[in-house]
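Breakdown of the fold
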Amino acid sequence: MADTAPRYLIISCDGGGIRGLITALLLDRIDCNASSFLQQANLFAGTSTGGIIALALASGLTPTQLVTLYSQDGAQIFTPSPCFGSSDAAAKAREAVAASAASLGSIWTDIWQYIEDLICVKYDNSGLKSVINTTLGSKASATLGSLNRKVLVTTFQLYKSQTDSWGQAKAWGPLVFHNIANNPTANTRVIDAAMSTSAAPTYFPPYNHPTFGYCADGGVVANNPAALAASMLIESGVQREQIWMLSLSTGDTVNSYPPALVSGTYGPSYYGPFFWLFPVAQTSTQNGTPAYTPSMPLTSAVFDGVSDINDYVSSKILPQGQYMRANVPLNTPVALDDYSPGAIKAMTDAVNTYTNPTNPNPQWLNIIKWIKSNFPS
């Protein structure tokens, strides 16, 4: 007997800063291969940069518009924070601190050299907010509940003033903005959801949501929101066997903390907060091959690890054959905030190789077959 049960399609988008370009490019390629696929989606889910993408798709934007955003608006998105001192007095203060630190030993010199980076967020969020408002137009001020498409984005609420559904009161914790069912978060404006989900720790300041207060990037709890999206759809009454999902990563990174760095100048005993929050990317050689550690490695480690765990959980939640994951190999390091021409080219080249019509990555070939077999035009 033919399967006549309705299929609920989720498109889930990971966080990853500027690497959202990879997700946008993949969506654009999918739109070229199966033009009706995105229109068949029942729910767009996303975290951080993926949350911005999910909100944009639910608001009616095309993947091509998103490619333009990531490839052309990086300089505006990453507007330097005014926290970094530029006055003569600030400069003299830094010099005095550095001089004092130098007398305490080399590690203190290293720490004080980067003291501003460890105190200030790197970027002001005004540029990001301006880009989102410009890109979404009138939809930026729309509430999630008024959108015609279902959407879900994650954030991390820094202080709860009321007891939540888990019985937690006045403690920080995850918060999900969605319009799957009637709920208080459905009254959130698209721009507030976008800014809350993308307030990456150390990169952007916490965003002050008008109802829920200060929020940080959802990547600290669900950088890959796939499992959460499936669970919430099941909670709404949809059967597990009816849920299909395409999960899109922001690239298979080359991030690591190689032994050559951990056991290097100071040794593992010194790997306290400073080295986990070291603000400069590091390259080294491990077993004769290049190794790369991103700036603020703790943030990237949390984001990458959470994405991988949720990929595994999602593949087990859904029946076999109903979950697919696109993970473009990135052979070149691309930092969350690297919008340089070289980084944009590296990401574009990686997606072109992955989706090459004459010699595609087997994973991509399976995804296109899966889409055309299960969601025909």
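Note that the structure is a prediction, hence the values are computed from the model and not measured. (Residues numbered from 1 in each chain as written. Predicted model: local features only at pLDDT ≥ 70, side-chain atom pairs only at ≥ 80, totals over all residues. Heavy atoms only, no water.)

Concerning a nonpolar patch on the surface
There is a patch of nonpolar side chains on the surface, built from Leu158, Tyr159, Trp172 and Tyr214 and spanning about 480 Å² of accessible area. When you line up the elements, Leu158 lands in the loop between strand S5 (150-157) and strand S6 (173-178). (Patch = residues over 30% accessible without salt bridge, like charges linked within 9 Å, V, L, I, M, F, W, Y side chains within 5 Å. Areas by Shrake-Rupley, 256 points an atom, 1.4 Å probe, with all protein chains shown as cover. Salt bridge = Lys/Arg side-chain N within 4 Å of Asp/Glu carboxyl O. Helix = DSSP H or I, 4+ residues; strand = E, 2+ residues; numbered from the N terminus.)

Some points on the side chain of Ser198
Structurally, Ser198 can be placed in the loop between helix H9 (190-197) and strand S7 (207-209). Separated by 2.7 Å, the side chain of Ser198 and the backbone oxygen of Ala194 make a polar contact. Look past the residues within four positions of Ser198 in its chain and what remains in contact with it is Ser48, Ile52, Leu128, Phe204 and Asp217. (Polar contact = N/O pair within 3.5 Å; in protein donor to acceptor, adjacent residues only side chain to side chain. Contact = heavy atoms within 4.5 Å.)

A few points about the state of the cysteines
Summed over the entire model, instances satisfying the criterion amount to 1 disulfide. Two residues, Cys83 and Cys120, share a disulfide whose sulfurs are 2.0 Å apart. Here the disulfide of Cys83 and Cys120 is left-handed, its torsion about the S-S bond being about -65°. Within this pair, whereas Cys83 is found in the loop between strand S3 (79-80) and helix H5 (88-102), its partner Cys120 is found in the loop between helix H7 (115-119) and strand S4 (123-124), the two being separated by 37 residues in sequence. (Disulfide = S-S within 2.5 Å.)

Thoughts on the packing of helix H1 (residues 20-33) against helix H16 (residues 362-374)
At a minimum axis distance of 11 Å, the contact between H1 and H16 shows a crossing angle of 50°. Regarding the angle of H1 to H16, the classification is oblique. In this structure, the crossing between H1 and H16 has a hand that is right-handed. Across from Leu26, Arg29, Ile30 and Asn33 in H1, the residues of H16 making contact are Trp364, Ile368, Ile371 and Lys372. Considered class by class, the residues forming the contact of H1 with H16 number 5 nonpolar, 1 polar and 2 charged. (Axes fitted to C-alpha atoms, helices over the stretch in contact; angles between N-to-C directions. Parallel < 35°, antiparallel > 145°, perpendicular 65-115°, else oblique. Left-handed = near helix turned anticlockwise from the far one by under 90°. Nonpolar A, V, L, I, M, F, W, Y, C, P; charged D, E, K, R; others polar.)

Description of the pattern of salt bridges
Throughout the structure, instances matching the rule amount to 5 salt bridges. The partner of Arg240 in a salt bridge is Glu241, with the nearest N and O atoms 3.5 Å apart. Exposure remark for Arg240: the relative accessible area of 34% places this residue in the partly exposed category. Judged by relative accessible area, which is 45%, Glu241 ranks as partly exposed. (Buried < 20%, exposed > 50% of the residue type's maximum accessible area, 1.4 Å probe, protein only.)

What to know about the side chain of Arg325
The topology assignment puts Arg325 in strand S12 (residues 323-326). Given the relative accessible area of 11%, Arg325 is considered buried. A polar contact is formed between the side chain of Arg325 and the side chain of Asp14, at a distance of 2.8 Å. Within the local environment of Arg325, its side chain forms a polar contact with the side chain of Ser247, the two groups lying 2.7 Å apart.

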